[in-house]
2 protein chains.
Amino acid sequence: MSNNKICTLFNIQYPIIQGGMVWCSGWELASAVSNAGGLGLLGAGSMHPETLREHIQKCKKATSKPFGVNIPLMYPEIDTIMHLIVEEGVKIVFTSAGNPKIWTEWLHNHDICVAHVVSSTRFALKCEEAGVDAIVAEGFEAGGHNGREETTTLCLIPAIKEKCSLPLIAAGGIASGKSILAVQCLGADGVQIGTRFAITEESSAHQAFKERCLQVHEGDTMLTLKQLSPTRLIKNSFYEQIAEAEKRGATTEEIRILLGKGRSKKGIFMGDMEEGELEIGQVVSTIDRIQTVKEVIDDLISDYQNAHYYIQPSSAWF
Amino acid sequence: MSNNKICTLFNIQYPIIQGGMVWCSGWELASAVSNAGGLGLLGAGSMHPETLREHIQKCKKATSKPFGVNIPLMYPEIDTIMHLIVEEGVKIVFTSAGNPKIWTEWLHNHDICVAHVVSSTRFALKCEEAGVDAIVAEGFEAGGHNGREETTTLCLIPAIKEKCSLPLIAAGGIASGKSILAVQCLGADGVQIGTRFAITEESSAHQAFKERCLQVHEGDTMLTLKQLSPTRLIKNSFYEQIAEAEKRGATTEEIRILLGKGRSKKGIFMGDMEEGELEIGQVVSTIDRIQTVKEVIDDLISDYQNAHYYIQPSSAWF
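Residues numbered from 1 in each chain as written. Chains lettered and ligands numbered in written order. Predicted model: local features only at pLDDT ≥ 70, side-chain atom pairs only at ≥ 80, totals over all residues. Heavy atoms only, no water.

S.K.: Got a sec to walk through the packing of aromatic side chains? Specific residues and values, please.
M.R.: Per the stated rule, a full pass over the model turns up 15 aromatic pairs over all chains. Within the aromatic cluster, the residues linked to one another by ring pairs are Tyr14(A), Tyr304(A), Trp317(B) and Phe318(B). Here the guanidinium or amino end of Arg232(A) rests over the ring plane of Phe140(A), the centre of that ring lying 4.6 Å away. (Phe/Tyr/Trp six-rings, centres within 6.5 Å; stacked < 30°, edge-to-face > 60°. Lys NZ or Arg CZ within 6 Å of the ring centre and 35° of its normal.)

Put into structure tokens, the structure is as follows:
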């Protein structure tokens, strides 16, 4: 693996990053992914600072392999979080939802490797200017918060690859070895997988959420809340309330009030399948069982190897 | 190429289908694609029956290779069209926007090979029941009319491949050899390319439309008109009028009146860049010049071959 940029950068065995997802990505999930040879990420977005500290400490005990923290830059206590991760000796940070210029140099000065999540070539180039070490390029099919441009992974990865020389991690719609091989053809150096890890045994999501995910069919997730921050959710009663409000021309303020606070916790962590915000990617419709992280990684590897069958030299189209 | 299902089915050299696009896909484009080794399709959706007859006759004169006709099944004069294509000896029909059960058997009885365009696994299975010979699976990133499920090509192709054994043509977001190789990894047997051919010299689109397409940036197309029939368009004055109407909660009837008749002709064929409906795929943002069909096919082939660099054995991730 030594010639893979992502493996070299993070000192990991496989270029598979586990997305830092709210209410799913605690120390159990992150350490399991790191122990299996990928890169586990703690999702700081749903943790109070002292909760994050506890998860970092537990993660360090549970794995001797590298792991990181995903930090949305809009986080209200961002200064506290940044100092805390330095204190705890975290060496890899994935930032998202904000300007990569603000923290990258500071993190580098503390010997921390920085990746930033983008959904457009324009932001990828801003990352390059800001000096980040790698980018995660996330397409429209991804779960949770999403770009306004609605560019899909198939369109986004080659577009960024063409303009930006940073190590490139593809995200959105990737849950199989076939899709890993596909994005590699597009120029990706690694993948970030969220949805498939959200439904593992080690994910801290509520059991009801995981079981609901197994029932999702094609077309059952939708990018919504576009007036606020576009978010991909499973269609449920909460989603229908938003759709109805939008249809009657509700103002952004009305939508904000309807959303309220804590909806994703209510859904993903507390298990309220009707009133919660059920963030998950489109590709969830292809997942039919709850597995361990180890089983997922093994599956991805064997499916990736099998996918080469489709592109063996004797099957070349031209 | 003899072991490729799509090449065998249509008796063509390369498994590249040129999408039958309104106002772009006349006899010049279709015959050029067929002459270059792909499969050209006439787009009946924007032709009166006698215009279609003229294009079929000119196409037969311009190429000795196989070509086909794309027929939206909602076409008002569908009976006339179907009898006309039999009279003219057309041997390949791509149907879309309707139930594949209605015409497939009749077309087979007239010795015509039938492919049907779908945007979901559910409809792919309906095609299998209806006995169609191949399916085109088109993702959210595609231009023009689009599925309500908003499933992207990366998610759609493996999902259909898993459940449906028909020869599978991937569409949406494919405009380079890299993306052709990527969908091959996902299990596709061929590709349908619209956007890239819409901007060739042989396309019958207005020059102003082609030049406007070259200026499109990421995020400048959007899936809109969701209350009627979801359609991907370039953002222009007409798009903004629709967006404004939707934002204030306009009824479906108001949107229908605002749309009116002949908007796509006005935009694509007449060259009205502000009041026309400018149907094109998301991947248009990666295209920076108008080429001939032959140049496009040559580019796709060499880019496909080069893309294998990313997945050479020494770069295997696992």
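S.K.: Explain the relation of the copies chain B and chain A residue by residue, including any values.
M.R.: When chain B is fitted to chain A, the residual RMSD is 0.0 Å, and the transformation amounts to a turn of 180° plus an axial shift of 0.0 Å. This pairing of chains is accounted for by a two-fold axis. A share of 100% of the interface residues of chain B reappears at the interface of chain A, consistent with the copies meeting face to face through the same patch. (Least-squares fit on C-alpha atoms with pLDDT ≥ 70 in both. Contact = heavy atoms within 4.5 Å.)

S.K.: Describe the interface of chain B and chain A, and please don't skip the residues or the numbers.
M.R.: A common way to express how large an interface is: the accessible area buried when the components associate. Between chain B and chain A, the residue contacts involve 61 residues of the former and 61 residues of the latter. Both sides of the chain B and chain A interface together cover about 5000 Å² of buried area, and 64% of this is carbon and sulfur. Summed over the three residues of chain B that lose the most area to chain A, namely Glu218(B), Trp317(B) and Phe318(B), the buried surface amounts to 21% of that side. Taken together, chain B and chain A are joined by zero salt bridges. Our enumeration of links across chain B and chain A arrives at 18 residue pairs in polar contact (both at pLDDT 80 or more). When contributions to the side of chain B that touches chain A are tallied by element, the ones reaching two or more residues are helix H7 (153-163), helix H8 (177-185), strand E9 (190-193), helix H11 (237-247) and helix H14 (293-307) of chain B. Element by element, the count of residues in the side of chain B that touches chain A is highest for H8(B), at seven residues. Its residues placed into classes, the side of chain B that touches chain A shows 27 nonpolar, 22 polar and twelve charged. (Buried area = accessible area lost by both parts, 1.4 Å probe. Salt bridge = Lys/Arg side-chain N within 4 Å of Asp/Glu carboxyl O. Polar contact = N/O pair within 3.5 Å; in protein donor to acceptor, adjacent residues only side chain to side chain. Helix = DSSP H or I, 4+ residues; strand = E, 2+ residues; numbered from the N terminus. Nonpolar A, V, L, I, M, F, W, Y, C, P; charged D, E, K, R; others polar.)

S.K.: Can you lay out the sheet that holds strand E10 (residues 221-224) of chain A for me, pointing to particular residues and giving the numbers?
M.R.: Residues and elements named next belong to chain A. One open sheet holds the three strands; their spatial order is E7-E11-E10, and the pairing between them is antiparallel. Only two strands of the sheet have a single neighbouring strand rather than two, namely strand E7 (144-145) and E10. Inspection of the sheet shows E7 paired to strand E11 (residues 231-234) by two bridges, in the antiparallel sense. Counted as the bridge partner of Gly-144 is Arg-232 from E11. Helix H11 (residues 237-247) contacts E10 and E11 of the sheet and is inclined by roughly 45° relative to E10. (Pairing = 2+ DSSP bridges. Axes fitted to C-alpha atoms, helices over the stretch in contact; angles between N-to-C directions.)

S.K.: Would you mind going over empty space enclosed by the protein in detail, with residue names and values included?
M.R.: Within the structure shown, the criterion is met by two cavities of 30 Å³ or more. Reported here for the largest cavity is a volume of approximately 50 Å³. In this structure, the largest cavity is lined by Thr153(A), Leu154(A), Ala182(A), Val183(A), Leu186(A), Thr153(B), Leu154(B), Ala182(B), Val183(B) and Leu186(B). The set of elements that each furnish at least two residues to the lining of the largest cavity consists of helix H7 (153-163) and helix H8 (177-185) of chain A together with H7 and H8 of chain B. Counted as a void, the second largest cavity has a volume near 30 Å³. As for the second largest cavity, its lining consists of Thr151(A), Val216(B), His217(B), Glu218(B), Gly219(B), Asp220(B), Thr221(B), Gln282(B) and Ser285(B). (1 Å grid on protein atoms, 1.4 Å probe; cavity = no way out; pocket = protein on both sides within 12 Å on 5 of 7 lines; lining within 4 Å. Points joined across faces, edges and corners; volume = space filled by probe spheres on them.)

S.K.: So what's going on with the pairing of strand E8 (residues 168-171) of chain A? Residues and values would help.
M.R.: Residues and elements named next belong to chain A. Across the two faces of E8 the burial is the same, with Leu-168 and Ala-170 and Ile-169 and Ala-171 all buried. As paired strands, strand E6 (residues 134-138) and E8 are joined by four bridges and run parallel to one another. Across the sheet, residue Ile-135 finds its bridge partner in E8, namely Leu-168. Strand direction decides the pairing type here: E8 and strand E9 (residues 190-193), joined by three bridges, are parallel. Across the sheet, the residue bridging to Ala-171 is Gln-192, located in E9. This β-α-β element, E8 to H8 to E9, shows right-handed connectivity. (Buried < 20%, exposed > 50% of the residue type's maximum accessible area, 1.4 Å probe, protein only. Right-handed = clockwise from strand over helix to strand, strands pointing away.)

S.K.: Got a sec to walk through the environment of Val117(B)? Specific residues and values, please.
M.R.: Take Val117(B): it is sitting in strand E5 (residues 113-118). Once residues lying within four places of it in the same chain are set aside, the contact partners of Val117(B) are Asn70(B), Thr95(B), Ser96(B), Val136(B) and Glu138(B).

S.K.: Describe the pairing of strand E6 (residues 134-138) of chain B, listing the residues and the values that go with them.
M.R.: Residues and elements named next belong to chain B. In terms of burial, E6 is a largely internal element, five of the five residues being buried. Residue alternation in E6 divides its side chains into two sets, Ala-134, Val-136 and Glu-138 and Ile-135 and Ala-137, and both sets are buried. In terms of strand pairing, E5 meets E6 through four bridges, oriented parallel. Opposite Val-118, over in E6, you have Ala-137 as the bridge partner. For the handedness criterion, the β-α-β arrangement of E5, helix H6 (residues 121-130) and E6 is classed as right-handed.

S.K.: I'd love a proper account of the sheet that holds strand E1 (residues 16-18) of chain A, names of residues and values included.
M.R.: Residue and element names in this part refer to chain A. The parallel open sheet is built from eight strands, whose spatial order is E1-E9-E8-E6-E5-E4-E3-E2. Each having just a single partner strand, E1 and strand E2 (40-43) make up the two edges of the open sheet. The mean angle between the axes of side-by-side strands here comes to 25°, regardless of whether they run parallel or antiparallel. This element, helix H2 (residues 27-35), spans E1, E2 and strand E3 (67-72) of the sheet and lies at about 165° to E2.

S.K.: Provide a residue-level description of the side chain of Thr151(A), including the pertinent values.
M.R.: With respect to the helices, strands and loops of the structure, Thr151(A) is situated in the loop between E7 and H7. Residues in contact with Thr151(A), not counting those within four places in the same chain, are Ser119(A), Gly139(A), Phe140(A), Leu156(A), Glu218(B), Gly219(B) and Gln282(B).

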